[in-house]
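Breakdown of the fold
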Amino acid sequence: MTSEPTTNPTPAASAPPGQPPSPDECGVFQRTLEQAGRRWSGAILYAGVAGARRFVEYRRYVRGISDRVLTQRLRDLERQGFIAREVVPTMPVQILYTPTQAGAELVAALRPLAEWGSRHLDVLDREDDH
């Protein structure tokens, strides 16, 4: 007797099309946006998917970030499971940072948002009235 793997539906997949989201779905959506929208996190993950592996490569891709903040964000993303850190025992020691599957999937999910932004730079560039 073989058992088929069971999958738990994600909250976002539970509402039929055209139905309003549940409070749980709204919560997951908000948590996802907060994580992805944390300052520099999206750009760092995008840089990793684009090929950055070493600290200096991330710094080159993510212009304007300080070394201190880059270090902090890489540690945060590693702790959260979006980036994997590998120590290569060479002389000198190399430390490589690679997006995990979850990190790469988040970048793939955000690509349509970036494409929207490219089409609507006029909206993004408007100053906030507050």
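Note that this is a predicted model, so its numbers are computed, not measured.

**A word on the nonpolar core**
Ranked by size, the top nonpolar core spans 18 residues in total, and within it Ile44, Leu45, Tyr58, Leu70 and Leu74 carry the most contacts. Mapped by element, the contributors of at least two residues to this core are helix H3 (41-50), helix H4 (55-61), helix H5 (67-79) and helix H6 (101-119). Once residues within four sequence positions are removed from consideration, Leu74 is found in contact with Ile44, Phe55, Tyr58 and Tyr97.

**Focus: the packing of H3 against H5**
Contact pair H3 / H5: the axes reach a minimum separation of 10 Å and the direction vectors enclose 75°. As judged from the angle between their axes, H3 and H5 are roughly perpendicular. Two secondary-structure elements touch here, H3 through Ser41, Ile44 and Leu45 and H5 through Leu70, Arg73, Leu74 and Leu77. Across the contact of H3 with H5, the residue classes tally to 5 nonpolar, 1 polar and 1 charged.

**Re the packing of H3 against H6**
H6 packs onto H3 with a crossing angle of 105° between their chain directions and a minimal axis gap of 9 Å. As the angle between them shows, H3 and H6 are arranged roughly perpendicular. When H3 is examined against H6, the residues Leu45, Tyr46 and Val49 are found in contact with a partner set consisting of Gly103, Ala104, Leu106, Val107 and Arg111. Partitioning the contact of H3 with H6 into residue classes produces 6 nonpolar, 1 polar and 1 charged.

**Some details on the pattern of salt bridges**
Under the defined criterion, the tally for this structure stands at 4 salt bridges. Residue Arg73 is joined to Asp76 by a salt bridge in which the shortest nitrogen-to-oxygen separation is 3.3 Å. You can see Arg73 and its partner Asp76 sitting in helix H5, 3 residues apart, about one turn around the helix. Here Arg73 falls in the buried class, since its relative accessible area comes to 11%. Asp76 serves as the salt-bridge partner of Arg79, at 3.1 Å between the closest nitrogen and oxygen.

**With respect to the pairing of strand S2 (residues 94-99)**
Of the strand pairs in this sheet, strand S1 (residues 83-88) and S2 are connected by 6 bridges, and their pairing is antiparallel. For Val88, the partnering residue across the bridge sits in S2 and is Gln94. Between the antiparallel neighbours S1 and S2 lie 5 residues.

**Observations regarding unusual backbone geometry**
Geometrically, the link from Met91 to Pro92 is a cis peptide bond, its omega value of -10° lying close to zero. Structurally, Pro92 can be placed in the loop between S1 and S2. Phi is positive for Trp40, close to 75°, though the residue is something other than glycine. Relative to the elements of secondary structure, Trp40 occurs in the loop between helix H2 (23-36) and H3.

Rules used throughout
Residues numbered from 1 in each chain as written. Predicted model: local features only at pLDDT ≥ 70, side-chain atom pairs only at ≥ 80, totals over all residues. Heavy atoms only, no water. Core = buried A, V, L, I, M, F, W, Y, C linked by side-chain atoms within 4.5 Å. Buried < 20%, exposed > 50% of the residue type's maximum accessible area, 1.4 Å probe, protein only. Helix = DSSP H or I, 4+ residues; strand = E, 2+ residues; numbered from the N terminus. Contact = heavy atoms within 4.5 Å. Axes fitted to C-alpha atoms, helices over the stretch in contact; angles between N-to-C directions. Parallel < 35°, antiparallel > 145°, perpendicular 65-115°, else oblique. Nonpolar A, V, L, I, M, F, W, Y, C, P; charged D, E, K, R; others polar. Salt bridge = Lys/Arg side-chain N within 4 Å of Asp/Glu carboxyl O. Pairing = 2+ DSSP bridges.

Remember, this is a structural readout, not a statement about activity or role.
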